[in-house]
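Chains, contacts and geometry: an overview
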Amino acid sequence: MMKLFHTLDSDSLLSKGGSKFRQFGVFILIFIFLITACAPAVMTETGPTPTAVIAGEAVTQPTVQVDALPNPTIAPFRFFLPTPGAEPVSGWRPPLYPVPWAVSAYDHFYFARPIAADNVNWPLAEYRYGGVFFAPNIVHTGVDIDAEEGTPILAAGAGTIISADWGLYTEAPGNISDPYGQAVVVRHDFGYKDQALFTVYAHMSKIIGVVGQHVETGDVLGLVGDTGATTGPHLHFEVRLGGNTFYTTYNPELWMAPPQGWGVLVGRLTDEDGELLNLYPVEVRPLPSEVPLRKVLTYAKGAANSDSYYHENLVLSDLPAGLYKIAMEYNDKDLQFWVDIYPGQVTYFTFTDEDGFSVVPPPMPTLDFLPGTATVVP
Ligand SMILES: [Zn+2]
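Values in this document were obtained by computation on a predicted structure and should not be read as measured data.

This part is about the overall build of the chain. Counting secondary structure elements, the chain contains one helix and 23 strands. When the 378 residues of the chain are sorted by exposure, 56% land in the buried category. Relative to all contacts within the chain whose residues are 6 or more apart in sequence, the contacts with residues 24 or more apart total 67%. Approximately 14700 Å² of the chain is accessible, and the part contributed by carbon and sulfur atoms is 56%.

Here you go:
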């Protein structure tokens, strides 16, 4: 398996920071987006200077030092990311559910995968949505799908190409130093809750398609490449809701149809103050087998958009249906919990300091959750 590692000059991105960023209520944060955010030396707040890492078999296993993170109430816990490329253990997936797929009233698996099923078409484990790389204010706003240069990139749903050029991030068409590289944006024919939906496909070696072109699901938009802030070919894929900006991204793992018979784990984990746990390591293991183990971090607190229904800060997709054990260390205790993953559905759990783990329905949506201030920018 190849690995993707990106280099990025964070300073070049900082100038873009600063925008109102609304979710439920109002919070403003400097949300420096980074489309790439893929480097093994991650998640230490002390290292604002990105470390260039060259992909290769000899890459050192990254070590994440959670105890360097800013929330002192979290018990120190050393966490090792899986070997790059080692997850998933199987290179096989069943066919995907047809899109749009929504078993419950709350789910919205509206998109097919932007890479065909004869290739790896699931997100890289190490660089999930909502992770922080290089510096505390550089957030990964999409998922990365490992693919070789030249692999066709497919429209995840029907829509119209509204951007197809260099310069998506810097808003400077033709800017070959833009971190997205060559990128395409599709505004979809369908929305969600009266809001427009967009998907973004970045780092292309070649754009195939022009602005104004209508595409159907599966139409080729371009070819996988390594343009922009990356040192290895891959597809960076984003889902944007309510506006075509990197402040309005949502976790693509909640929008791409799962493989048939497989499901998605979604969690909301909070501390004693009711605050979302920040980049907190959680292990997910299928039972009865003791292997393979999946490791996932919660979102960087305040730096990712949660789904309007789930308010999650953890998503792990592509789990074969069955019984799973969720384990984590919290306040020097080893905690564990068992959940069932159901085919084609979300399994939702919560963790609170007071009540521990539980499987409960999310709170009913209210008008408060509707981001009425978002502006659609086609
Ligand atoms: Zn990416």
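It is worth spelling out the packing of aromatic side chains at this point. Applying the stated criterion across every chain yields a total of 20 aromatic pairs. Between Tyr106 and Tyr309, the aromatic rings sit 3.9 Å apart at their centres with planes inclined by 10 degrees, giving stacked as the arrangement. A residue pair is termed long-range when its members are at least 10 positions apart, and Tyr106 in the loop between β5 (78-80) and β6 (138-140) and Tyr309 in the loop between β18 (294-297) and β19 (314-320) qualify at 203 residues. A residue is classified by how much of its surface remains accessible, and Tyr309, at 3% relative accessible area, is buried. Here the aromatic rings of Tyr309 and Tyr310 are separated by 4.9 Å at their centres, their planes lie at 70 degrees, and the arrangement is edge-to-face.

Checked against the element boundaries, Asn305 lands in the loop between β18 and β19. Residues Asn305 and Tyr129, spaced 176 residues apart in sequence, show a C-alpha to C-alpha distance of 9.5 Å.

A sheet is described by the order of its strands in space; here four strands give the open sequence β19-β16-β22-β23, paired in mixed fashion. The sheet is open, and its two edges are formed by β19 and β23 (356-358), each paired on a single side. The average angle at which neighbouring strand axes cross in this sheet is 20 degrees, direction not considered. Bridging between strand β16 (residues 262-269) and β19 involves five bridges; their strand directions are antiparallel.

Attention shifts here to the pairing of strand β10 (residues 182-192). Remember that side chains alternate between the two faces of the sheet whenever the strand is regular. Sheet topology note: the strand β9 (residues 159-166)/β10 ladder contains seven bridges and is antiparallel. Within β10, the residue paired with Gly159 across the bridge is His188. Across seven bridges, the pairing between β10 and strand β11 (residues 195-207) is antiparallel. Counterpart to Gln182 in the pairing with β11 is Met204. Joining the antiparallel neighbours β10 and β11 is a turn of two residues, in which Lys193 adopts a positive phi near 50 degrees.

Moving on to the environment of Val224. With respect to the secondary-structure elements, Val224 resides in strand β13 (residues 220-224). Distance in space between the C-alpha atoms of Val224 and Ile207 is 9.2 Å, their sequence separation being 17 residues. Every residue in contact with Val224, bar those within four places of it in the chain, is listed here: Ile115, Ala147, Glu148, Glu149, Gly150, Thr151, Ile153, His203, Ser205, Pro233, His234 and Leu235.

On to the pattern of salt bridges. Summed over all chains, the structure comprises four salt bridges. The salt bridge involving Arg128 is made with Glu253; its shortest N-O contact spans 2.9 Å. With Arg128 in the loop between β5 and β6 and Glu253 in the loop between β15 (249-250) and β16, the pair connects residues that are 125 residues apart, well separated along the chain. Like Glu253, Arg128 is buried.

Time to look at the sheet that holds β18. Taken in spatial order, the four strands of this open sheet run β18-β17-β20-β21, and their pairing is antiparallel. The sheet terminates laterally at β18 and β21 (333-341), the two strands that pair on one side only. The average undirected angle you get between the axes of adjacent strands in this sheet is 25 degrees.

So, on to the nonpolar core. Ranked by internal contacts, the top residues of the largest apolar core, which has 41 residues, are Tyr201, Leu221 and Trp255. Within the residue set of this core, elements represented by two or more residues are β7 (143-146), β10, β11, β13, β14 (234-241), β16 and β22 (346-352). Ignoring sequence-local partners within four residues, the contact set of Trp255 consists of His108, Phe109, Tyr110, Phe111, Tyr192, Leu197, Val239, Leu241 and Tyr250. Grouped together as the second largest cluster of nonpolar side chains are 20 residues, Leu269, Leu316, Met328 and Phe337 included.

Procedures and definitions
- Per-chain numbering applies: the sequence of each chain, read as written, is numbered from 1 onward.
- Residue-level local features of this predicted model are given only where pLDDT is at least 70; pairs of side-chain atoms are given and counted only at 80 or more, and the full residue set underlies all totals for whole chains, interfaces and linings.
- Heavy atoms from the whole structure form the basis of all side-chain values; hydrogens and water molecules are not counted.
- Put simply, DSSP marks the helices as runs of H or I at least four residues long and the strands as runs of E at least two long, and each gets a number from the N terminus on.
- Relative accessibility under 20% of the residue-type maximum defines a buried residue, over 50% an exposed one, and the middle range a partly exposed one, all with a 1.4 Å probe and only protein chains included.
- Only heavy atoms enter the contact rule, under which two residues are in contact if any of them lie within 4.5 Å.
- Surface accessibility follows the Shrake-Rupley procedure with a 1.4 Å probe radius. Residue values consider only the protein chains on display as shielding.
- Side-chain rings of Phe, Tyr and Trp (the six-membered ring for Trp) are treated as a pair once their centres are within 6.5 Å; stacked means planes under 30 degrees apart, edge-to-face means over 60, and tilted covers the remaining angles.
- A strand pair is defined by DSSP finding two or more bridges across the two strands.
- Interaxial angle, 0 to 180 degrees, is taken between N-to-C directions of lines fitted to C-alpha atoms, where a helix line uses only the stretch in contact.
- Criterion for a salt bridge: a side-chain nitrogen of Lys or Arg within 4 Å of a carboxyl oxygen of Asp or Glu.
- Take the buried residues of types Ala, Val, Leu, Ile, Met, Phe, Trp, Tyr and Cys, join any two whose side-chain atoms come within 4.5 Å, and each joined set is a nonpolar core.

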